[in-house]
Amino acid sequence: MGEFCRFAGERLMLLIVLALMGAFLCEIGRMRPETARRLGRVLLCVWGAEAAHVLLSGLMYFTVYGNDGFPSPETMFRTGSLEKMYDALRTPAFFAPVSGALAWLGHGIGKILFNQYVLGGFLLSEGMTYVSCCLLEARLRERFSPRAALQGVLLACLLPGAIFLYLPGWPPLLFLGIAALLFVLGKRLPKKEGKALPCEEYLLLLSGILTAAVDYALISGRI
Amino acid sequence: MTKKRLAAWLLAAFTGLSLHYLLLLIGCLITKGNLSPASFLALMTERLTQPGDAVRYLDIAQNGYVAEGENAINLVFYPLYPFLVRFLSLGTGRYALAGVVLSHLCYAGACAMLYELLRLDGGPREAFGGVLLMSAWPFSMFVLGVYSESLFLLLSIGCLYCMRRDRMAAAGICGFLAALTRVQGMLLIFPLVYTAVRRVCREKRFRGRDMCALLPIGGFLVYLVINYTLHGDPFKFLEFEAGEPWYQTTQWLGKTLADQASMTGEYPGLAPYIYVPQLVLFFFSALVLLAGLRQKAPVEYVLYGAVYLGFTYLSGWMISGGRYLLGCVPLFLILARVRTPAVRYILFTLEGMLFFFYNLLFLMAYAIM
């Protein structure tokens, strides 16, 4: 329970800090309240999806490995490359250009947070995923509808393998690149009415099953 | 000031004090078996002037800070409260009585001030609701005893009130004095600076008196000077805090939350009144602050509340989280604005129940500190 309290408490405080920043910008007229609300909804979608991944993975880890209590994300998600990343966050080293640079950045963030280096890495990944989702939401809202935009964000964060968007490493940076590209090129897409896909519920169910399967494969060391 | 306003202040003060005296009477009946004046006075003496930090405040009031000996560690307690106790006890030498009287006066003032602050944004019902919420905080049993809580409440509420009335000099002075009362007092710099910066951004002009927003840091600097004068080290208090009997260090709040959760398992006897409340109160307070933003409470309130909450939970080996959060005034300011009848009903009823439970435990000498 301690690790879950830590995870939830840290995100809650960060949410308050970000909400205050948004409120300040609105008060001095640098941001419209509607924009702040939209950014808040995207943040809730991103963190809500992350909470779903972490809770599900924690439950699977707890059940499968008989862990003494809810495990921390660092304990649960420990593949070879992730282990290397965690070590690099604590003691930065250039083992790869992109991952190495991200490790240095995460280390720097962790230094500010009372030497919580791995947390710094997680927050960096979450930050990049959040910015990507904001770009995605903005373009989808413009081309389709506000509702379709939030659905698109949730879908992106809950697709099979989306767990890697929250873990330290290069996937969040790749997602940021793709989202930026879509944002720029998406202007050329014609506006259209967002229609539900046929068998939408079945596809969502399938996506959920595969997402859980990938998360399980990650925590059991199969990937 | 109208008679009506004065009557409202007196009523607010009476409301706050009477709730605590009601609990003292019930506690006297349960712990002493009777309501005789002697038993009541004995209970007040035992629980308001002797437990925990009270003894240390009285020692500082009587002997001041000392550079050597076992009482050198009293340096961790900020100077304003014991200084005022000493001042009030001049000529009588009755420090405990002076401390209790000072706390009573400050608490009455804090209730009246909170009423006035809430009246800036709402009606009398909302304002009295806020006074009730502060008075019935489950860990508010320290407000009448030899503790600095009442003085801190008076000064921090006064600071927020003056800030809202655009009296920056007065707000700065209250913040300065609050920072000399408890370490959290220096956090008042955040809402003050925020208010000043927002006004400058909107009006595009700077006023000299906006500099008073920085005064709370001045109070903290005075405390550092006291540390330096006595020990040659402005941060000597950190060393004392980290040692016996407090073992308090500064650590990441996530670790504090994880530690609190693990302590509930390691010390099941203490969990119901130390670790579980501290854990629950963190999440409750965070959600209240977010609700405050949603209900469009003044952003400076939420900012002060967030900084206060975060700072409080940076304490390693925390055992007084409930008492510390009594000083997080924005919680009462936001909760008083709740309008949904069902939520108000649940809030006040639940708080009353917890107020009774934890106060009773305190009066029965459980380790609530």
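All values derive from a computational prediction rather than experimental measurement. (Residues numbered from 1 in each chain as written. Chains lettered and ligands numbered in written order. Predicted model: local features only at pLDDT ≥ 70, side-chain atom pairs only at ≥ 80, totals over all residues. Heavy atoms only, no water.)

Turning our attention to the environment of A:Leu218. Residues and elements named next belong to chain A. Following the sequence through the fold, Leu 218 ends up in helix α9 (residues 200-219). For Leu 218, a relative accessible area of 1% gives the class buried. For the pair Leu 218 and Ala 180, spaced 38 residues apart in sequence, the C-alpha separation works out to 28 Å. Apart from the residues within four sequence positions on either side, Leu 218 is in contact with Met 76, Phe 77, Thr 79, Leu 82, Ile 163, Phe 164, Leu 167 and Ile 223. (Helix = DSSP H or I, 4+ residues; strand = E, 2+ residues; numbered from the N terminus. Buried < 20%, exposed > 50% of the residue type's maximum accessible area, 1.4 Å probe, protein only. Contact = heavy atoms within 4.5 Å.)

Looking now at the interface of chain B and chain A. Chain B puts 30 residues into the contact, and the matching count from chain A is 21 residues. For the pair chain B and chain A, the summed buried surface comes to about 2,200 Å²; carbon and sulfur atoms form 82% of the total. Of all residues in chain B, B:Trp252, B:Phe283 and B:Leu290 bury the most surface against chain A, accounting for 27% of the area lost on that side. Where chain B packs against chain A, one counts 1 salt bridge. Here B:Arg198 and A:Glu27 are joined by a salt bridge, their closest N and O atoms 2.6 Å apart. Remark: the boundary between chain B and chain A carries 4 residue pairs in polar contact (both at pLDDT 80 or more). Taken together, the elements giving at least two residues each to the side of chain B that touches chain A come down to α9 (189-203), α12 (253-266), α13 (275-294) and α14 (299-312) of chain B. Element by element, the count of residues in the side of chain B that touches chain A is highest for α13(B), at 8 residues. (Buried area = accessible area lost by both parts, 1.4 Å probe. Salt bridge = Lys/Arg side-chain N within 4 Å of Asp/Glu carboxyl O. Polar contact = N/O pair within 3.5 Å; in protein donor to acceptor, adjacent residues only side chain to side chain.)

Side chains of nonpolar character tend, in soluble globular proteins, to be buried together. Core analysis: the biggest nonpolar cluster contains 150 residues, and B:Met134, B:Leu153, B:Tyr313 and B:Ile368 have the highest contact counts within it. If sequence neighbours within four positions are ignored, B:Tyr313 has contacts with B:Gln251, B:Leu253, B:Thr256, B:Leu257, B:Gln278, B:Leu281, B:Phe282, B:Met318 and B:Leu325. (Core = buried A, V, L, I, M, F, W, Y, C linked by side-chain atoms within 4.5 Å.)

On to the confidence of the model for chain B. Of the residues in chain B, 100% reach a pLDDT of 70 or more, and the chain-wide mean stands at 93. Here the prediction assigns the complex a pTM of 0.89, and the interface score ipTM is 0.85. (pLDDT = per-residue confidence, 0-100.)

Glancing now at the packing of aromatic side chains. The way to describe two aromatic rings as a pair is by their centre distance and the angle between their planes. The tally for this structure, following the rule as stated, stands at 24 aromatic pairs over all chains. Taken together, a centroid distance of 5.5 Å and an interplanar angle of 80 degrees make the contact between B:Trp137 and B:Phe332 edge-to-face. Linking B:Trp137 in the loop between α6 (124-135) and α7 (149-164) with B:Phe332 in helix α16 (residues 330-335), this pair joins segments that are 195 residues apart in sequence. Its relative accessible area of 1% is what places B:Phe332 among the buried residues. When the ring of B:Tyr223 is compared with that of B:Phe237, the centres are 5.1 Å apart and the planes differ by 65 degrees; the resulting orientation is edge-to-face. With a gap of 14 residues between them, B:Tyr223 in helix α10 (residues 215-231) and B:Phe237 in helix α11 (residues 236-242) connect regions that are remote in the sequence. The pair B:Tyr223 / B:Phe237 is uniform in exposure class, with both members buried. Here the aromatic cluster, defined as three or more aromatic residues joined through ring pairs, consists of B:Tyr78, B:Phe220, B:Tyr223, B:Phe235 and B:Phe237. If you follow A:Arg139 out to its NZ or CZ, it ends over the ring of A:Phe183, 4.2 Å from the centre. Residue placement shows B:Arg323 over the ring face of B:Phe142; its charged tip is 5.2 Å from the ring centre. (Phe/Tyr/Trp six-rings, centres within 6.5 Å; stacked < 30°, edge-to-face > 60°. Lys NZ or Arg CZ within 6 Å of the ring centre and 35° of its normal.)

The terminal C-alpha atoms of helix α6 (residues 117-143) of chain A lie 39 Å apart, and with 27 residues this matches the ideal 39 Å at 1.5 Å per residue to within 8%. Among the 27 residues that make up α6(A), 21 are buried, leaving the element largely enclosed by the rest of the structure. (Expected span 1.5 Å × (residues − 1).)

Inspection of the secondary structure assignment puts B:Thr312 in helix α14. One polar contact links the side chain of B:Thr312 to the main-chain carbonyl oxygen of B:Tyr308, over a distance of 2.8 Å.

Residues and elements named next belong to chain B. Following both chains from N to C, one finds α13 and α14 inclined at 160 degrees, their axes separated by 10 Å at the closest point. As judged from the angle between their axes, α13 and α14 are roughly antiparallel. Of the two possible hands of crossing, α13 and α14 adopt the one that is left-handed. Counted together, Phe 282, Ser 285, Ala 286, Leu 289, Gly 292 and Leu 293 of α13 and Val 302, Gly 305, Ala 306 and Leu 309 of α14 form the full contact between these two elements. Grouping the constituent residues of the contact of α13 with α14 by class yields 7 nonpolar, 3 polar and no charged. (Axes fitted to C-alpha atoms, helices over the stretch in contact; angles between N-to-C directions. Parallel < 35°, antiparallel > 145°, perpendicular 65-115°, else oblique. Left-handed = near helix turned anticlockwise from the far one by under 90°. Nonpolar A, V, L, I, M, F, W, Y, C, P; charged D, E, K, R; others polar.)

The next subject is the packing of helix α1 (residues 2-27) of chain A against α12(B). Contact geometry of α1(A) with α12(B) gives a least axis separation of 8 Å together with a crossing angle of 145 degrees. The two elements α1(A) and α12(B) meet at a crossing, and its hand is right-handed. On α12(B), the residues that touch A:Gly2, A:Cys5, A:Arg6, A:Gly9, A:Glu10 and A:Met13 of α1(A) are B:Leu253, B:Gly254, B:Lys255, B:Leu257, B:Ala258 and B:Ala261.

Take the pattern of salt bridges next. Under the defined criterion, the tally for this structure stands at 30 salt bridges over all chains. A:Arg11 is the partner of A:Glu50 in a salt bridge, and the nearest nitrogen-oxygen pair spans 3.7 Å. Placement of the pair is A:Glu50 in helix α2 (residues 33-65) and A:Arg11 in helix α1, with a sequence separation of 39 residues. The residues A:Glu50 and A:Arg11 share a single accessibility class, namely buried. In this structure, A:Arg143 engages A:Glu142 in a salt bridge whose closest nitrogen and oxygen atoms are separated by 3.9 Å. Judged by its relative accessible area of 11%, A:Arg143 falls in the buried class. What you see here is one network of salt bridges that share partners, running through B:Asp166, B:Arg199, B:Glu203, B:Arg205, B:Arg207, B:Arg209 and B:Asp210.

All names here are of chain B. Evaluation of the coordinates by the stated rule reveals 0 disulfides over all chains. Free cysteine: Cys 106, not disulfide-bonded; nearest cysteine sulfur from Cys 111 at 11 Å. Cys 111 sits in the buried class, given a relative accessible area of 0%. (Disulfide = S-S within 2.5 Å.)

What follows deals with a nonpolar patch on the surface. Residues and elements named next belong to chain B. Taken together, Leu 25, Leu 29, Ile 30, Leu 35, Phe 356, Phe 357, Met 364 and Tyr 366 make up a surface patch of nonpolar side chains, about 710 Å² in accessible area. Put simply, the parts of the chain that give the nonpolar patch at least two residues each are α1 (3-32) and α17 (341-363). No other element matches the 3 residues that α1 contributes to the nonpolar patch. Residue position: Met 364 is located in the segment after α17. (Patch = residues over 30% accessible without salt bridge, like charges linked within 9 Å, V, L, I, M, F, W, Y side chains within 5 Å. Areas by Shrake-Rupley, 256 points an atom, 1.4 Å probe, with all protein chains shown as cover.)

So, on to the environment of A:Val42. All names here are of chain A. Summarising the element assignment, Val 42 is placed in helix α2. In the structure, Val 42 is positioned 95 residues away from Glu 137 in sequence and 7.6 Å away in space, judged by C-alpha atoms. Filtering out sequence-adjacent residues up to four positions away, Val 42 remains in contact with Tyr 130, Cys 133, Cys 134, Glu 137, Leu 150 and Val 153.

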